[in-house]
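Listed below are the residues making up each chain.
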Amino acid sequence: AVSKSFGGLRAVDQASVTVHEGEIVGLIGPNGAGKTTLFSIIAGFLKPDSGTVRFAGEAITGLAPDRICERGLVRTFQIVQPFAGLTVHQNIAVGAHLRHGNRREALALAGQVARQLGMGDMLDRPASGLTVAGRKRLEVARALATQPRFLLLDEVMAGLNPTEIDEIVAMIRVIRDGGVTVLLTEHVMQAVMSLAERIYVLN
């Protein structure tokens, strides 16, 4: 169980979440409940005041985010910030470079990830011209290009219309079927209910 305070504010209080390999698990709760803070603790962007984060049987508490990412645990961010001056293909390749130093290999993996997620026709587009839904998909693709075992999705459906939500739901199923475990936080209950095998509520 992890806890985190910012000054006098207890952002996360003794939260304990277990995700088994191959699952899609939901994390829900009102705004300000501490969902994003908990994600930041798991992925190494924040250090908990108490408690331990374990991944694949090993404690990873306090490791830097890039070290945690190398082990196969990666997160997306609510506020999506693609590299605006690059194409979609190049943006995804940034993630691929974690495991592929060779540019050709990174671009090849990026193309493969894009096609897997139904983004093959977007590869040459400038990232700056994407819609909100396109930027969200790009954020997921860039994370997936790091070849994770465990993916944390932080409100990837926020601000999307019902059709776009359906597309993201299908995309998450493809990701899980490809062998990636998923923990997602989301306000779109319909999507959470259709995807998650188990749900934690952070109150």
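As the structure is a computational prediction, the values presented were derived from the model and not from experiment.

> Mind laying out the packing of helix α5 (residues 132-144) against helix α6 (residues 162-177), listing which residues take part and the relevant values?
The N-to-C vectors of α5 and α6 enclose an angle of 10°; their axes lie 11 Å apart at closest approach. Regarding the angle of α5 to α6, the classification is roughly parallel. Facing Ala133, Arg137, Val140 and Leu144 of α5, the residues of α6 in contact are Glu164, Glu167, Ile168, Met171 and Ile175. Here the contact of α5 with α6 is composed, by residue class, of six nonpolar, no polar and three charged.

> Any details on the layout of surface pockets? Residues and values, ideally.
Empty space within the largest pocket amounts to approximately 560 Å³. Every residue lining the largest pocket is counted, 24 residues in all, and those nearest its centre are Val17, Val19, Arg54, Phe55 and Phe150. Those elements that place two or more of their residues in the lining of the largest pocket are α1 (35-42), β4 (54-55) and β8 (181-185). Take the lining of the largest pocket: its biggest share by element is three residues, from α1.

> Got a sec to walk through the pairing of β8? Specific residues and values, please.
The buried count for β8 comes to five of five residues, which makes it a mostly enclosed element. Here β8 shows two buried faces, one formed by Thr181, Leu183 and Thr185 and the other by Val182 and Leu184. With four bridges connecting them, strand β3 (residues 24-28) and β8 associate as parallel partners. What sits directly across from Val25, in β8, is Leu183. In this structure, strand β7 (residues 150-154) lies alongside β8, joined through five bridges in parallel fashion. Across the sheet, Phe150 pairs through a bridge with Thr181, a residue of β8. Since β7 and β8 lie parallel, the crossover through α6 that links them has a hand, and here it is right-handed.

Each value, and the rule that gives it
Residues numbered from 1 in each chain as written. Predicted model: local features only at pLDDT ≥ 70, side-chain atom pairs only at ≥ 80, totals over all residues. Heavy atoms only, no water. Axes fitted to C-alpha atoms, helices over the stretch in contact; angles between N-to-C directions. Helix = DSSP H or I, 4+ residues; strand = E, 2+ residues; numbered from the N terminus. Parallel < 35°, antiparallel > 145°, perpendicular 65-115°, else oblique. Contact = heavy atoms within 4.5 Å. Nonpolar A, V, L, I, M, F, W, Y, C, P; charged D, E, K, R; others polar. 1 Å grid on protein atoms, 1.4 Å probe; cavity = no way out; pocket = protein on both sides within 12 Å on 5 of 7 lines; lining within 4 Å. Points joined across faces, edges and corners; volume = space filled by probe spheres on them. Buried < 20%, exposed > 50% of the residue type's maximum accessible area, 1.4 Å probe, protein only. Pairing = 2+ DSSP bridges. Right-handed = clockwise from strand over helix to strand, strands pointing away.

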